[in-house]
Amino acid sequence: MSPEDRFDALIEADERIEPTDPMPDEYRRTLIRQIAQHAHSEIIGMQPEGNWITRAPSLRRKAVLLAKVQDEAGHGLYLYGAAETLGVDRAELLDLLHAGRQRYSSIFNYPTLTWADVGAIGWLVDGAAIMNQIPLCRCSYGPYARAMVRICKEESFHQRQGFELMLELSQGTESQREMAQDALNRWWWPSVMMFGPPDVDSPHTERSMAWGIKRFTNDELRQRFVDQTVPQADLLGLEIPDPELRWNEERGSYDFGEPDWGEFKRVISGGGLCNRQRLATRVDAHEDGAWVREAAAAHAAKVAARAAEAAA
């Protein structure tokens with residue numbers, strides 16, 4: 001059996017492709033692009049909420065937020081590790097990110113203006129992430145799928161934490177309820193756009209679906225997110241900022257308005273409110289941490305040398 005036939009047979013049988021298996025160059029490139037963007041999103045995504053660690057209203061809230069931001073760093077580590085199984089070095093991926101040649105999720109280019117934004121990110125942004133990522137646990141590429149299992153478990157905690165924070169605010173003072181509604185107003189549409197452009201404008205969906213990298217289209221996931229989230233907003237006593245939102249009995253789903261795709265394209269092209277700030281902060285952190293990476297590498301080299309000497 002030729003390498004191409006073996007790959008096709010594994011995909012047809014819905015089995016995992018492992019790093020040692022033959023795979024088309026385009027399959028490898030598609031995975032590197034997607035996993036790298038996912039990894040970049042995790043580490044850039046530490047910034048919007050990390051901004052509130054020192055301003056959390058209680059020790060409990062600070063501890064929860066610290067744990068969440070730490071989780072995001074870990075998610076980036078898992079994903080860069082998965083990308084490296086495809087033959088690319090994480091240092092190369094970070095260089096591409098810092099040079100603006102690889103992207104991260106557009107959602108992280110919006111500012112966190114109030115404490116309620118931390119709740120809205122947990123509830124909406126992480127809720128959308130879970131909707132998108134759970135199917136990736138069945139991705140055709142084994143290392144990516146296995147990394148997603150742990151990531152999804154932790155993201156579920158993040159979503160519950162965000163909803164619990166929004167619930168507390170929505171049951172609080174009038175000022176707290178207004179803060180929660182304002183955060184929902186600002187984060188709703190960016191969250192809806194997290195699933196990517198409409199299917200008709202998505203250049204990668206068809207091939208990724210055929211290869212088993214994706215299991216559902218952008219629009220299918222977007223619809224699931226809306227259907228899941230609207231009842232949660234009702235429970236919170238908050239109003240989704242969409243005048244076209246209504247239940248469609250025939251479809252058994254909610255009809256909803258069209259996102260501002262012009263804004264989406266502007267933000268992913270670098271024109272968002274925080275694009276420059278997010279990337280500059282990331283580059284500064286990477287440069288400031290160079291001595292840590294150098295020290296760790298030197299220590300690892302010493303350990304390896306001692307082990308080789310002992311074995312001689």
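Because the structure is a prediction, the values reported are computed rather than measured.

## With respect to the overall build of the protein
No. 1: If you tally the helices and strands in the protein, you get 13 helices and 2 strands.
No. 2: Scaling as 2.2 N^0.38, a compact globule of 312 residues should have a C-alpha radius of gyration of about 20 Å, and the protein matches this with 21 Å.
No. 3: Dimensions of the protein, computed from the C-alpha atoms along their principal axes, are close to 70 × 50 × 30 Å.
No. 4: Considering only residue pairs separated by 6 or more positions, the protein has 77% of its internal contacts joining residues 24 or more positions apart.
No. 5: Of note, the protein has its 35 positive side-chain charges centred 5 Å away from the centre of its 48 negative side-chain charges.

## Focus: the environment of Glu26
No. 1: Relative to the helices and strands, Glu26 is located in helix H2 (residues 25-44).
No. 2: The exposure class assigned to Glu26 is partly exposed, which follows from its relative accessible area of 36%.
No. 3: Separated by 181 residues in the primary sequence, Glu26 and Arg207 place their C-alpha atoms 9.8 Å from one another.
No. 4: At 2.9 Å, the side chain of Glu26 and the side chain of Arg29 are in polar contact.

## A closer look at the packing of aromatic side chains
By convention here, two paired aromatic rings are described through the distance between centres and the angle between planes.
No. 1: All told, the structure shown has 9 aromatic pairs when counted by the stated rule.
No. 2: A ring pair is formed by Trp188 and Phe225, whose centres lie 5.7 Å apart and whose planes are at 25°; its orientation type is stacked. Of this pair, Trp188 sits in helix H8 (residues 174-192) while Phe225 sits in helix H10 (residues 218-236); the two residues are 37 residues apart in sequence, bridging distant segments of the chain. Comparing Trp188 with Phe225, the two get one shared label, buried.
No. 3: Put simply, the rings of Phe7, Tyr27 and Trp211 pair up and form one aromatic cluster.
No. 4: Positioned above the aromatic ring of Trp52, the side-chain terminus of Arg55 is 3.8 Å from the ring centre.
No. 5: Directly above the ring of Phe216 sits Arg224, whose terminal nitrogen or CZ lies 4.0 Å from the centroid.

The rules behind these values
Residues numbered from 1 in each chain as written. Predicted model: local features only at pLDDT ≥ 70, side-chain atom pairs only at ≥ 80, totals over all residues. Heavy atoms only, no water. Helix = DSSP H or I, 4+ residues; strand = E, 2+ residues; numbered from the N terminus. Rg over C-alpha atoms; globule rule 2.2 N^0.38 Å. Contact = heavy atoms within 4.5 Å. Lys, Arg positive; Asp, Glu negative; His and termini not counted. Charge placed at Lys NZ, Arg CZ, Asp CG, Glu CD. Buried < 20%, exposed > 50% of the residue type's maximum accessible area, 1.4 Å probe, protein only. Polar contact = N/O pair within 3.5 Å; in protein donor to acceptor, adjacent residues only side chain to side chain. Phe/Tyr/Trp six-rings, centres within 6.5 Å; stacked < 30°, edge-to-face > 60°. Lys NZ or Arg CZ within 6 Å of the ring centre and 35° of its normal.

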